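# What the coordinates show
One letter stands for each residue in the lines below.
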Amino acid sequence: QVQLVESGGGLVQPGGSLTLSCEASAVMFKFYDASWYRQAPGKQRELVASITSGGNSVYADSVKGRFTISRDNVEERAHLRMSSLKPDDTAVYYCNLKWRGFDYWGQGTQVTVSS
């Protein structure tokens, strides 16, 4: 019933920009903390950015200053705006919502940074 649908992934050149979106359904989105995680081949999943229900954001050091996380509680969507992309940003990016004992994940969207 609960569903998170991610979009916006694709192939982009180094230095380029890309924006990911996560659309939630069947949840009270405004109460959830939203996060973006990523997992590169052969590596563990890592937290990229989080935004609380109150709008406070945190970022991984590797993306700080380049990525921006945002949320729209009316449209029930979370976004990740990525700029100055590097090959090391290549990964599958996942959307996550958390509230109390509830924890939901999207299917992931591939981001490939390559020339």
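This report concerns the structure included in the present document. Quick caveat: nothing in here was measured; it's all calculated off a predicted structure.

### Here we look at the overall build of the protein
When you go through the protein residue by residue, the secondary structure sums to zero helices and 11 strands. Listing each helix as α and each strand as β along the protein from the N terminus yields β-β-β-β-β-β-β-β-β-β-β. Taken against the 2.2 N^0.38 rule, which gives 13 Å for 115 residues, the C-alpha radius of gyration of the protein at 13 Å falls within 12% of a compact globule. The principal-axis extent of the C-alpha atoms belonging to the protein is close to 40 × 25 × 25 Å. For the protein, with 115 residues in total, the buried portion stands at 37%. Residue pairs in contact within the protein that sit at least 24 positions apart in sequence constitute 54% of those at least 6 positions apart. A total accessible area of about 6400 Å² is found for the protein, and carbon and sulfur atoms account for 47% of it. Considering the protein, the positive charge centre built from 12 side chains and the negative charge centre built from 11 side chains are found 4 Å apart.

### So, the state of the cysteines
One pass over the full model with this rule turns up one disulfide. Covalently, cysteine 22 is tied to cysteine 95 through a disulfide, its sulfur atoms 2.2 Å apart. Residues cysteine 22 and cysteine 95 share a disulfide whose torsion about the S-S bond is about -80°; that sign makes it left-handed. You can see cysteine 22 sitting in strand S3 (residues 18–25) and its partner cysteine 95 sitting in strand S9 (residues 91–99), a full 73 residues away along the chain.

### Considerations on the packing of aromatic side chains
A full pass over the atoms with the stated rule returns six aromatic pairs. Ring plane angle 45° and centroid distance 5.9 Å describe the contact between tyrosine 32 and tryptophan 99, whose orientation is recorded as tilted. With tyrosine 32 in the loop between S3 and strand S4 (33–39) and tryptophan 99 in strand S9, this residue pair connects regions lying 67 residues apart in the sequence. Residue class for tyrosine 32 comes out buried when judged on its relative accessible area of 6%. Ring centres of phenylalanine 102 and tyrosine 104 lie 6.3 Å apart, and the angle between their planes is 25°; this geometry places the pair in the stacked category. Residue classification places phenylalanine 102 among the partly exposed positions, given a relative accessible area of 41%. On the accessibility criterion, tyrosine 104 (21% relative accessible area) is partly exposed. Stacked on the ring of tyrosine 37, the Lys or Arg arginine 45 has its end atom at 5.1 Å from the ring centre.

About the criteria used
- Here the residue index of a chain counts from 1 through its sequence in written order.
- Note on the predicted model: pLDDT of at least 70 is required for a residue's local features to be given, and 80 or more for side-chain atom pairs to be given and counted; whole-chain, interface and lining totals, by contrast, use all residues.
- Calculated side-chain values reflect all of the structure's heavy atoms, with hydrogen atoms and water omitted.
- Going along the chain from the N terminus, every DSSP run of H or I of four or more residues is numbered as a helix, and every run of E of two or more is numbered as a strand.
- Just to be clear, the radius of gyration here is over C-alpha atoms, and the globule rule we use is 2.2 Å times residues to the power 0.38.
- When accessible area is computed with a 1.4 Å probe and restricted to protein chains, residues below 20% of their type maximum are described as buried, those above 50% as exposed, and intermediate ones as partly exposed.
- Contacts between residues were defined by any pair of non-hydrogen atoms, one from each residue, lying within 4.5 Å.
- In this description, accessible areas are obtained by the Shrake-Rupley approach with a 1.4 Å probe, and a residue is regarded as covered only by the protein chains that are shown.
- Counted charges follow a simple rule, with Lys and Arg positive, Asp and Glu negative, and His plus the chain ends left uncounted.
- Think of each charge as sitting on NZ of Lys, CZ of Arg, CG of Asp or CD of Glu.
- Any two cysteine sulfur atoms within 2.5 Å of one another count as a disulfide.
- In this analysis, rings of Phe, Tyr and Trp, with Trp reduced to its six-membered ring, are considered paired at centre separations within 6.5 Å, and the interplanar angle assigns stacked below 30 degrees, edge-to-face beyond 60, and tilted for intermediate values.
- Only Lys NZ and Arg CZ are tested; either one counts as a charge over a ring when it is within 6 Å of the ring centre and within 35 degrees of the ring normal.

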